[in-house]
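Inside the fold
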Number of protein chains: 2
Amino acid sequence: MTAERVMPAETANPGFRPLYRQVKDLLLKRIGDGIWSPGALIPSEQQIAAELGVSQGTVRKALDEMTSERLLTRRQGRGTFVARHDEARILFQFFKIVPESGVAIFPESELRRTENARADEEERSVLKLAPGDRVVRITRVRSLGGKPVISEYLSLPARLFPGLGEDIPIENNLYELYSSRFGITVSGGQERVKAIAAPPEDAQLLGLPPGAPVLAIDRVAVALDGTPVEWRRTLCQTADCAYVSDLR
Amino acid sequence: MTAERVMPAETANPGFRPLYRQVKDLLLKRIGDGIWSPGALIPSEQQIAAELGVSQGTVRKALDEMTSERLLTRRQGRGTFVARHDEARILFQFFKIVPESGVAIFPESELRRTENARADEEERSVLKLAPGDRVVRITRVRSLGGKPVISEYLSLPARLFPGLGEDIPIENNLYELYSSRFGITVSGGQERVKAIAAPPEDAQLLGLPPGAPVLAIDRVAVALDGTPVEWRRTLCQTADCAYVSDLR
DNA sequence: TAGTGGTCTAGACCACCGG
DNA sequence: CGGTGGTCTAGACCACTAG
């Protein structure tokens, strides 16, 4: 591993990048390229350090950062693993809708429609697509404890998910599916929440009177490299549940 | 600093607590007790290490954790400071309402009422108060760029904020006020967001038709030791703004 | 130039897991 | 038992700030 510190003079350090970040970038690439798949045990700190010619402490710092970003999970005595999008992780990192009384649970899903179509203007803008690019659209209703609370609309870049909705079935845990079937690791995202009057169709699906207030949650999910890979609009009734956010 | 490692046998480590966490607890106590106030420069890593008889690396690990929790800010070449609740921090950590187009800005506030009253059942439950305890209630309207978008109701334990709303004026940046006038450091909180039909009074304040959908954001803010110190209900119209949450 | 935090190294020992 | 991550130490040097 070559560091800029071998060239200490003259530059006044314009593009200084610490060694542990270079290590991290390299490890990120191995995950993004599928060399290390979700769930896999990666080499030990000592092995990585020896391979790259850096100290164990430097590797540790890189792994610590990736762990804090939920990309890795470490287990003392066992090793370091690439994080999977299991239900526990989804619940903790991505699913913010919690029943009024009780703890968060993973919702059931009922698929309504899938569709492959040319992306409209809004989809192109949100997903950063080119004119003519196609999207896969998915519509479903999600329930907590048997009661429908969510009407959800997703748009995905068709190029990244070939065959999705055709020969490849839509599972409940989509991010696990993205990872296992398409090699796409969702690493984060942003949600914008608004209050709107429920459109008639969604109100009916959720058993609400027409025009009842619901949450409209727009999420753009991104892959490891920051590319948008999913846009979803979640309409959620909040009589029996709430959108929960921790301020940390 | 005494560590459990001086007693390695027999216990099989039931209450093992790493040295750096003991250091952290001690430093947290100094902030909570007001020995180090927000904005203050704390001693250097070397000084703390020497004082406590641990290595600099151990102190560093404690400080790193506290920095990641936004309790400290570190500036290379200057030192380590206790974090203040300045507008930049509020905006980043606590204020999730962002204008539709444009970047987050700190809202203006117009105070409507203050009141000192016996806590009702809901306030006692949320703020963990005893029967008979009193609360300070604050009502205000907040605007973004001159346009009212938020109607807000706060309840605070009166015991923790003596004189608030009487001789002590209500500033716009409340958490800065809690800290500077009452020695209370808000370290985090949780928000529960629902969609409701705006009550008539709030609709009028926000210039909305009666019954328009608005966000109802219930926040419980906690001090360093986890004690609830504020309950606020924020009603927010989302025609021109949205509640934004990062999934990390 | 002195002092701070930031990086990097090397090595020791502890806690935990599996075979 | 050996191997893993977790903690702790000691020391070197770099990057940055202030006076």
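Residues numbered from 1 in each chain as written. Chains lettered and ligands numbered in written order. Predicted model: local features only at pLDDT ≥ 70, side-chain atom pairs only at ≥ 80, totals over all residues. Heavy atoms only, no water.

1. So, the interface of chain A and chain B
Every contact between the two is made by 31 residues of chain A and, on the other side, 31 residues of chain B. Between chain A and chain B lies a buried interface of about 2,700 Å² when both sides are counted; carbon and sulfur atoms form 50% of it. Summed over the three residues of chain A that lose the most area to chain B, namely Arg192, Leu247 and Arg248 of chain A, the buried surface amounts to 26% of that side. Summed over the shared surface of chain A and chain B, the number is four salt bridges. Two residues, Glu100 of chain A and Lys194 of chain B, come together in a salt bridge whose shortest N-O distance is 2.7 Å. (Contact = heavy atoms within 4.5 Å. Buried area = accessible area lost by both parts, 1.4 Å probe. Salt bridge = Lys/Arg side-chain N within 4 Å of Asp/Glu carboxyl O.)

2. Topic: the pairing of strand β2 (residues 72–75) of chain A
Residue and element names in this part refer to chain A. As judged from the four bridges shared by β2 and strand β3 (residues 79–82), these two strands associate in the antiparallel manner. Across the sheet, the residue bridging to Leu72 is Val82, located in β3. Taken together, β2 and the strand that follows it, β3, pair antiparallel across an intervening segment of three residues, in which Gly77 is found at a positive phi of about 85°. (Pairing = 2+ DSSP bridges. Helix = DSSP H or I, 4+ residues; strand = E, 2+ residues; numbered from the N terminus.)

3. Quick word on the relation of the copies chain A and chain B
Two chain copies, one operation linking them: a rotation about an axis together with a shift along it. Once chain A has been moved 0.0 Å along the axis and rotated by 180°, it coincides with chain B to within an RMSD of 0.0 Å. Given the turn and translation reported, the copies of this chain are related as if by a two-fold rotation axis. Interface overlap between copies: 100% of the residues of chain A at the interface are likewise at the interface in chain B, consistent with a symmetric, same-surface contact. (Least-squares fit on C-alpha atoms with pLDDT ≥ 70 in both.)

4. Brief notes about helix α2 (residues 45–52) of chain B
For an α-helix the count is 3.6 residues per turn, leaving residues at separations of three or four pointing the same way. Residue and element names in this part refer to chain B. Among the residues making up α2, those that are buried are Glu45, Ile48, Ala49 and Leu52. Burial along α2 is one-sided: seen end-on, the buried residues are contained in an arc of 100°. Every exposed residue of α2 that faces more than 90 degrees away from the buried side is listed here: Gln46, Gln47 and Ala50. Once α2 ends, the next one or two residues include Gly53, with phi positive near 70°. (Buried < 20%, exposed > 50% of the residue type's maximum accessible area, 1.4 Å probe, protein only. Arc of directions from axis to C-beta.)

5. A look at the domain arrangement of chain A
All names here are of chain A. With domains assigned, chain A is organised as domain 1 (4–82) and domain 2 (89–243). Taken together, the contacts link six residues of domain 1 with six residues of domain 2. In total, about 550 Å² of surface goes out of reach between domain 1 and domain 2, with carbon and sulfur atoms giving 61% of it. Considering only the side of domain 1, the residues that lose the most area to domain 2 are Pro38, Arg70 and Leu71, jointly responsible for 70% of the buried surface there. Taken together, the links from domain 1 to domain 2 amount to zero salt bridges. (Domains from an automatic or database assignment.)

6. Section: the side chain of Arg140 of chain B
Residue and element names in this part refer to chain B. Structurally, Arg140 is set in strand β6 (residues 134–144). Arg140 sits in the buried class, given a relative accessible area of 2%. A distance of 3.4 Å separates a polar atom in the side chain of Arg140 from a polar atom in the side chain of Ser109. (Polar contact = N/O pair within 3.5 Å; in protein donor to acceptor, adjacent residues only side chain to side chain.)

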